[in-house]
Amino acid sequence: MTPPIPDTLISRLTSAGAVTFFTGAGVSAESGVPTFRGTDGIWAKFKPEELANLSAFMKNPELVWEWYRARKTIIATVRPNAGHFALAAMEALFPGCTLITQNIDNLHRRAGSRHILELHGNIERNYCLKCGAPYGDEDLPQTEGVPRCSRAGCAGLIRPDVVWFGEMLPEDEWDAAVRASAAADVFFSVGTSGIVYPAASLPLTAKQQGAFLVEINPEPTSLTRSVDLFLQGLSGEILPAIVERVKEKRIVG
Ligand code: OAD
């Protein structure tokens, strides 16, 4: 059931200069992309340390590539859901809107969002570990085994352009995400368990700098006790309801 959207939230939104959304795997759950930590989550079946870090890749690049190819296939076959489309609509409603995502699935862009800060990379991109050359999925030199760089004299291992455990976040994205969090009048944390740092610090940065902090999630998380408003439910239902209410208010008000 979609919880009621309080008038105070809609008023704050319609008078806000900067609105920032921070998303996690939960926004893609209704598209059929498994989350990481639910009972059916990715990390219930696979150990992150076996797949999502550089030393695992160097030890067994075949296994890591097999796993990422399987995830690429799932992601290529799913579609953005109503929550992704609502976030794209928010960009049109609020000129000072920033979308920060931990997701690597590219569904925000496919739904039409343009100003996206991808903190953990993007599964549709890849790069050569040796020379840094970028490769889109369509440019990967081979469809099985470990792809290698096709630049003259390189032949380095190609890896997915995603952030693995123990790696730094992309600096420009991270700096911009901190700025957008600190500047937010209203900050939404949507579909994230909020336990992977440094990303999980952003909602608290926003709150410390005076943002009204809203969380959308079917389950309480470690952030819930710090938020100003907890909207308990599915992002694919709550986000479109907020868009509708903001549009109504703009027409009436
Ligand atoms: P998690 O799997 O940790 O959390 C997903 C959250 O989404 C949970 O709190 C769920 O309750 C919530 N959720 C499930 N369905 C939802 C729905 N329909 N609407 C709204 N919320 C829903 O995923 P993340 O928080 O994204 O990092 O995980 C953070 C990072 O940990 C990921 O980016 C990834 C992972 O390891 C890297 O790969 C570096």
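Residues numbered from 1 in each chain as written. Predicted model: local features only at pLDDT ≥ 70, side-chain atom pairs only at ≥ 80, totals over all residues. Heavy atoms only, no water.

## With respect to the sheet that holds strand β8 (residues 212-217)
An order of β3-β2-β1-β7-β8-β9 is seen for the six strands of this open sheet, with the pairing classed as parallel. A single partner strand is all that each edge strand has here, and the edge strands are β3 (116-118) and β9 (229-232). Between one strand and the next, the sheet's axes are offset by a mean angle of 15°, whatever the strand orientation. In this structure, β8 lies alongside β9, joined through four bridges in parallel fashion. (Pairing = 2+ DSSP bridges. Helix = DSSP H or I, 4+ residues; strand = E, 2+ residues; numbered from the N terminus. Axes fitted to C-alpha atoms, helices over the stretch in contact; angles between N-to-C directions.)

## Some details on a nonpolar patch on the surface
There is a patch of nonpolar side chains on the surface, built from Leu54, Met58 and Leu129 and spanning about 240 Å² of accessible area. A relative accessible area of 48% means that Met58 is categorised as partly exposed. (Patch = residues over 30% accessible without salt bridge, like charges linked within 9 Å, V, L, I, M, F, W, Y side chains within 5 Å. Areas by Shrake-Rupley, 256 points an atom, 1.4 Å probe, with all protein chains shown as cover. Salt bridge = Lys/Arg side-chain N within 4 Å of Asp/Glu carboxyl O. Buried < 20%, exposed > 50% of the residue type's maximum accessible area, 1.4 Å probe, protein only.)

## Some words on the domain arrangement of the protein
One frequent convention defines the size of an interface as the accessible area lost when the parts assemble. Each assigned domain of the protein is listed here: domain 1 (1-33 + 80-120 + 168-253) and domain 2 (34-77 + 124-162). The distance between the C-alpha centroids of domain 1 and domain 2 comes to 28 Å. Both sides of the domain 1 and domain 2 interface together cover about 1000 Å² of buried area, and 59% of this is carbon and sulfur. At the junction of domain 1 and domain 2, the tally comes to one salt bridge. The interface formed by domain 1 and domain 2 holds four residue pairs in polar contact (both at pLDDT 80 or more) in total. Grouping the constituent residues of the side of domain 1 that touches domain 2 by class yields six nonpolar, five polar and three charged. (Domains from an automatic or database assignment. Buried area = accessible area lost by both parts, 1.4 Å probe. Polar contact = N/O pair within 3.5 Å; in protein donor to acceptor, adjacent residues only side chain to side chain. Nonpolar A, V, L, I, M, F, W, Y, C, P; charged D, E, K, R; others polar.)

## Some remarks on the side chain of His84
By the secondary structure assignment, His84 is in helix α7 (residues 82-93). In this structure the side chain of His84 is engaged in a polar contact, spanning 3.2 Å, whose partner is the side chain of Ser28. Leave out the neighbours within four places in its chain, and His84 touches Val27, Ser28, Ser31, Leu107, His108 and Ala111. (Contact = heavy atoms within 4.5 Å.)

## Details of the packing of aromatic side chains
Here the structure, examined in full by the defined rule, presents five aromatic pairs. Here Phe22 and Phe187 contribute two aromatic rings whose centre-to-centre distance is 6.2 Å and whose plane-to-plane angle is 40°, an arrangement assigned as tilted. Taken together, the positions of Phe22 in strand β1 (residues 19-23) and Phe187 in strand β7 (residues 186-190) put the pair 165 residues apart, joining distant regions of the chain. This pair shows no difference in class: Phe22 is buried, exactly as Phe187 is. By the ring-pair criterion, three or more aromatic residues cluster together here, those being Phe57, Trp67, Tyr68 and Trp164. The ring of Trp164 carries the charged tip of Arg159 above its face, separated from the ring centre by 3.8 Å. (Phe/Tyr/Trp six-rings, centres within 6.5 Å; stacked < 30°, edge-to-face > 60°. Lys NZ or Arg CZ within 6 Å of the ring centre and 35° of its normal.)

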